[in-house]
Amino acid sequence: MKAIFFLVTIFLLKMSLTAPDAPPTNIPLCHTPANAMSELAANADFQMLHETPLPFTYQGAGETVTFQAADGKTASGFLLKSPKKSDKWLFVYQEWWGLNDYVKQEAAKLHKDLGDVNVLALDMYDGKVGTTREEAGKLVQSTPAERLAAITKGGIQYAGANAKIASIGWCFGGMLSLQNAIAGGSQVVGCVMYYGRPESDIEKLKKLNTDVLGIFGSQDQGIPPATVAKFEEDMKAAGKKVTIKMYDAVHAFANPSNPKYDANAAADAYKLSLEYLKKKLG
């Protein structure tokens, strides 16, 4: 009996040495995410929510400006100045594609409709633009949170100590619009975020000096309704006001470069955003 047991043991030991390794069930992260959206941007399912942008070239007013970011490096943005001298500013935050021509077009539209407001579309990728979902995902993943914060702070300094600032952004930019409102303190008077990842740290939300207008899609699988509901709870816990408008639409429904663009929902959301921003910057 002992001999049989011994032979079985030797056989199993041999098999364990020669058999191929089984794949691990959990692969640990080998790095710290660059920013709050890095892991989401690396998710293949989330990437598939973003259709390849349709071709478009912006040919309107505006100029590229440079300024010093808070980290001492140079940053840039696309600026449309107010027709008359004004301390009112709107910061426009790009989708995860980057500061492309669609963002410039949206900035120009807001500039025209808001009147005496300076509109600055911040370049959060330092000149890089993704043209495929894979490129965009890598840009999000590789941009450090510290650099994003430094560009935002540099933009606030560029606007000036007397600036009255509101912000708007989509997707990655929706998250950044909210972060701008948190970082800007008393200078920030308004915040619009389209289907961006909400801040879940209640202590950070307590720093908001403004209410928030959040625009989302009920069919959005990247920022689903459950995430939005949690954001509402967190804002309430922080003692802050948020107004949520939920459309029966998919992620990035308001982006005209998206083949799944929902013109009706986008038009209504824009009207709501414009009314909000006019009130805040009036």
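Residues numbered from 1 in each chain as written. Predicted model: local features only at pLDDT ≥ 70, side-chain atom pairs only at ≥ 80, totals over all residues. Heavy atoms only, no water.

**Some thoughts on the overall build of the protein**
Step number 1: Of the regular secondary structure elements, the protein holds ten helices and eight strands.
Step number 2: Counting every position in the protein, which comprises 282 residues, the buried fraction comes to 48%.
Step number 3: In the protein, of all internal contacts separated by at least 6 residues, the share reaching a separation of at least 24 is 72%.
Step number 4: When the accessible area of the protein is evaluated, it comes to approximately 14300 Å², of which 56% is carbon and sulfur surface. (Helix = DSSP H or I, 4+ residues; strand = E, 2+ residues; numbered from the N terminus. Buried < 20%, exposed > 50% of the residue type's maximum accessible area, 1.4 Å probe, protein only. Contact = heavy atoms within 4.5 Å. Areas by Shrake-Rupley, 256 points an atom, 1.4 Å probe, with all protein chains shown as cover.)

**Describing the nonpolar core**
Step number 1: By size, the foremost hydrophobic cluster in this structure holds 84 residues, and its most contacted members are Leu90, Val92 and Trp96.
Step number 2: With eight residues, the top contributor of residues to this core is helix 10 (residues 263-281).
Step number 3: If near-sequence neighbours (up to four positions away) are discounted, Val92 is found in contact with Val103, Ala107, Leu110, Val119, Leu120, Ala121, Leu122, Ile168 and Trp170. (Core = buried A, V, L, I, M, F, W, Y, C linked by side-chain atoms within 4.5 Å.)

**Some words on the packing of aromatic side chains**
Aromatic rings considered in pairs are described by the distance between their centres and by the relative angle of their planes.
Step number 1: Applying the stated criterion to the full structure yields eleven aromatic pairs.
Step number 2: Note on Tyr194 and Tyr195: the rings are 5.8 Å apart at their centroids and 80° apart in plane angle, and the pair reads as edge-to-face. With respect to class, Tyr194 is no different from Tyr195; both count as buried.
Step number 3: Positioned above the aromatic ring of Tyr270 is the side chain of Lys109, whose terminal nitrogen or guanidinium carbon lies 4.0 Å from the ring centre.
Step number 4: Between the NZ or CZ atom of Lys245 and the centre of the ring of Tyr247, over which it lies, the distance is 5.3 Å. (Phe/Tyr/Trp six-rings, centres within 6.5 Å; stacked < 30°, edge-to-face > 60°. Lys NZ or Arg CZ within 6 Å of the ring centre and 35° of its normal.)

**Quick look at helix 9 (residues 225-237)**
Step number 1: A rise of 1.5 Å per residue sets the reference length of helix 9, with its 13 residues, at 18 Å; its end C-alpha atoms lie 18 Å apart and thus fit the reference within 8%.
Step number 2: Considered for burial, the residues of helix 9 that qualify are Val228, Phe231, Asp234 and Met235. Across the axial projection of helix 9, the buried residues extend over an arc of 115°, all falling on one side. The exposed residues of helix 9 that point more than 90 degrees off its buried face are Ala226, Glu233 and Lys236.
Step number 3: Buried-residue contacts for helix 9 involve helix 7 (172-183), strand 6 (188-194), helix 8 (202-205), strand 7 (212-217) and strand 8 (242-247).
Step number 4: Looking one or two places after helix 9, you find Gly239, whose phi comes out positive at around 75°. (Expected span 1.5 Å × (residues − 1). Arc of directions from axis to C-beta.)

**Here we look at the pairing of strand 5 (residues 164-170)**
Step number 1: Of all seven residues in strand 5, six are buried; the element is thus mostly enclosed.
Step number 2: Sheet topology places strand 3 (residues 88-93) next to strand 5; six bridges connect them, and they run parallel. From the neighbouring strand, Phe91 faces strand 5, where its bridge partner is Ser167.
Step number 3: With six bridges connecting them, strand 5 and strand 6 associate as parallel partners. Residue Ala166 lies in a different strand from strand 6, and its bridge partner there is Gly190. (Pairing = 2+ DSSP bridges.)

**What about the pattern of salt bridges?**
Between side chains of opposite charge, a pair can form when the charged atoms approach closely.
Step number 1: Applying the stated criterion across every chain, the model contains eight salt bridges.
Step number 2: When the shortest N-O distance is used, the salt bridge between Lys88 and Asp116 registers 3.6 Å. Here the residue Lys88 occupies a position in strand 3, and Asp116 occupies one in the loop between helix 4 (101-114) and strand 4 (118-122), the gap between them amounting to 28 residues.
Step number 3: Residue Asp116 is classed as partly exposed on the basis of its relative accessible area, which comes to 24%. (Salt bridge = Lys/Arg side-chain N within 4 Å of Asp/Glu carboxyl O.)

**Some details on the environment of Pro144**
Step number 1: Residue position: Pro144 is located in the loop between helix 5 (133-142) and helix 6 (145-159).
Step number 2: Considering only alpha carbons, one finds Pro144 and Ala34, 110 residues apart in sequence, at a separation of 4.5 Å.

**Some words on the pairing of strand 1 (residues 63-68)**
Step number 1: Alignment of strand 1 against strand 2 (residues 74-80), held across six bridges, turns out to be antiparallel. The residue of strand 2 that forms the bridge with Phe67 is Ala75.
Step number 2: Hairpin remark: strand 1 followed by strand 2, antiparallel, with five residues in the connecting loop; positive phi at Gly72, about 90°.

**With respect to the sheet that holds strand 1**
Think of a sheet as strands paired side by side through backbone hydrogen bonds, with each pair either parallel or antiparallel.
Step number 1: Spatially, the eight strands line up as an open sheet ordered 1-2-4-3-5-6-7-8, and their pairing is mixed. Bordering the open sheet on either side are strand 1 and strand 8, each of which pairs with just one other strand. On average, each strand axis in the sheet is inclined to that of its neighbour by 20°, with strand direction left out of account.
Step number 2: Each of strand 1, strand 2, strand 3, strand 4 and strand 5 is contacted by helix 6, which is oriented at about 105° to strand 1, the strand it contacts most. (Axes fitted to C-alpha atoms, helices over the stretch in contact; angles between N-to-C directions.)

**Description of unusual backbone geometry**
Step number 1: The phi dihedral of Asp126 is positive, around 55°, even though this residue is not glycine.
Step number 2: Relative to the elements of secondary structure, Asp126 occurs in the loop between strand 4 and helix 5.
Step number 3: We classify Asp126 as partly exposed; its relative accessible area is 35%.
Step number 4: We note that Tyr195 has phi near 30°; this positive angle belongs to a residue other than glycine.

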